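Per-entry structural report
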Amino acid sequence: MNQAVNVSRVAVRAITTSAGRNGKALGTVPAGPRYQKIMEMQKLMTAQDGALVWQKRGARDLIPYYFTGAVCLCGLTSAFYNLYLMSYPKQ
């Protein structure tokens, strides 16, 4: 029984890894301008320049980041205010 399991594992590994062994390309790489723009953005985001992801494109990323933080702070303030109103109802 154990030998049958080992044989099946070897067979499965041989089948699943054979696609990478033949050296052929598995598909074509797009050459359009939109694809090139995506590749440039990937290079920018993966560059080791010490900046965090939300700092890499300057104000284009900082404004939505800080806006999201402000909206979260407003929601948290509203939630605590409503919790206070429910805890101490008017009599």
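Report follows, based on the coordinates. Computed from a predicted structure; not experimentally measured.

**Overview of the pattern of salt bridges**
Here the structure, examined in full by the defined rule, presents 2 salt bridges. Across the salt bridge formed by K56 and D49, the nearest N and O atoms sit 3.0 Å from each other. Judged by relative accessible area, K56 falls into the buried class, the value being 14%. We note a salt bridge from D61 to R57, for which the minimum N-O separation is 3.5 Å. Taking the relative accessible area as the measure of exposure, R57 reaches 30% and is therefore partly exposed.

**Examining the packing of aromatic side chains**
Aromatic rings in a pair are described by how distant their centres are and how their planes are angled relative to each other. All chains considered together, the criterion is met by 4 aromatic pairs. Their ring planes at 70 degrees and their centres at 5.3 Å tell us that Y65 and Y66 sit as a pair that is edge-to-face. The exposure class of Y66 is exposed, given its relative accessible area of 53%. An aromatic cluster of three or more residues is present, and its members are W54, Y65 and Y66.

**What about the side chain of D61?**
With respect to the helices, strands and loops of the structure, D61 is situated in helix α4 (residues 59-87). Since its relative accessible area comes to 16%, D61 is described here as buried. At a separation of 3.5 Å, a polar atom in the side chain of D61 contacts the side chain of R57. Setting aside chain neighbours within four positions, we find D61 in contact with M45, V53, W54 and K56.

**Focus: the side chain of K56**
Positionally, K56 belongs in the loop between α3 (33-46) and α4. At 2.7 Å, the side chain of K56 and the backbone oxygen of A47 are in polar contact. When near neighbours in sequence (up to four residues on either side) are disregarded, K56 contacts L44, M45, A47, D49, A51 and D61.

Each value, and the rule that gives it
- Residues numbered from 1 in each chain as written.
- Predicted model: local features only at pLDDT ≥ 70, side-chain atom pairs only at ≥ 80, totals over all residues.
- Heavy atoms only, no water.
- Salt bridge = Lys/Arg side-chain N within 4 Å of Asp/Glu carboxyl O.
- Buried < 20%, exposed > 50% of the residue type's maximum accessible area, 1.4 Å probe, protein only.
- Phe/Tyr/Trp six-rings, centres within 6.5 Å; stacked < 30°, edge-to-face > 60°.
- Helix = DSSP H or I, 4+ residues; strand = E, 2+ residues; numbered from the N terminus.
- Polar contact = N/O pair within 3.5 Å; in protein donor to acceptor, adjacent residues only side chain to side chain.
- Contact = heavy atoms within 4.5 Å.

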